[in-house]
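Letter by letter, the chains look like this.
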Amino acid sequence: MLQANEIQQRFTHIQQTIQEAQQACQQDAPNEIRDCIEKLSREAQQAQSVMQSNDQQRIQQCVDSLEDMGDEAKRISRSLPTMPAHLEAAVTRVHAELSDLKHKLH
């Protein structure tokens, strides 16, 4: 099980990765993926207080939810024919970071 400070560090890194994906959406991203990344960003901001708590169950639920959104973003990015490569890479990084944290918490 990860320590609270490790969880916070990993989550901060995940937020940075989500911001990078948002920046990648600024140029020529299809609306579906832009909307999905925006939603993920909002959820991650709301999850900040949960990540600072010591409530392992709430942290796990929060990360599970975020990881589900990461799955959705990855699915959308793979299904769009006009997906820019840099954006697909950013989405893949977000998904990988969330998935890794989820597996370390369970």
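Since the structure is predicted, the reported quantities are computational estimates derived from the model, not experimental observations. (Residues numbered from 1 in each chain as written. Predicted model: local features only at pLDDT ≥ 70, side-chain atom pairs only at ≥ 80, totals over all residues. Heavy atoms only, no water.)

Got a minute to help me understand the nonpolar core in this structure?
Soluble globular proteins: nonpolar side chains tend toward being buried together. I33 and L87 are the most contacted members of the largest nonpolar core, which has 33 residues in total. Taken together, the elements giving at least two residues each to this core come down to α1 (4-25), α2 (31-52), α3 (56-79) and α4 (85-105). Of the residues forming this core, the biggest block, 8 residues, is contributed by α2. Contacts of I33, omitting those with residues within four sequence positions, involve C25, A73, I76, S77, L80, M83, L87 and V91. (Core = buried A, V, L, I, M, F, W, Y, C linked by side-chain atoms within 4.5 Å. Buried < 20%, exposed > 50% of the residue type's maximum accessible area, 1.4 Å probe, protein only. Helix = DSSP H or I, 4+ residues; strand = E, 2+ residues; numbered from the N terminus. Contact = heavy atoms within 4.5 Å.)

Before we go on, may I ask you to explain the environment of Q23 in this structure?
The residue Q23 is located in helix α1 in this model. On the basis of relative accessible area, Q23 is assigned to the exposed category, the value being 56%. Once the C-alpha coordinates of Q23 and A90 are considered, the two residues, 67 residues apart in sequence, prove to be 9.4 Å apart.

What exactly am I supposed to notice about the side chain of S41 here?
The residue S41 is located in helix α2 in this model. In this structure, S41 is in contact with I18 and Q22, ignoring residues within four places of it in sequence.

I would appreciate a short explanation of α4 in the present structure.
Since there are 3.6 residues in each turn of an α-helix, residues three or four apart along the chain are aligned in direction. Over its 21 residues, α4 extends 30 Å from the first C-alpha to the last, a length consistent with the 30 Å expected when each residue adds 1.5 Å. Residues of α4 that are buried make contact with α1, α2 and α3. (Expected span 1.5 Å × (residues − 1).)

What am I meant to see in the side chain of Q48 here?
By secondary structure assignment, the location of Q48 is in helix α2. A polar contact of 3.0 Å, which involves the side chain of Q48, links it to the side chain of Q15. Residues in contact with Q48, not counting those within four places in the same chain, are Q8, F11 and Q15. (Polar contact = N/O pair within 3.5 Å; in protein donor to acceptor, adjacent residues only side chain to side chain.)

What am I meant to see in the confidence of the model for the protein here?
Of the residues in the protein, 99% reach a pLDDT of 70 or more, and the chain-wide mean stands at 93. At the low end of the mean pLDDT range in the protein sits α1, at 94; at the high end sits α3, at 96. (pLDDT = per-residue confidence, 0-100.)

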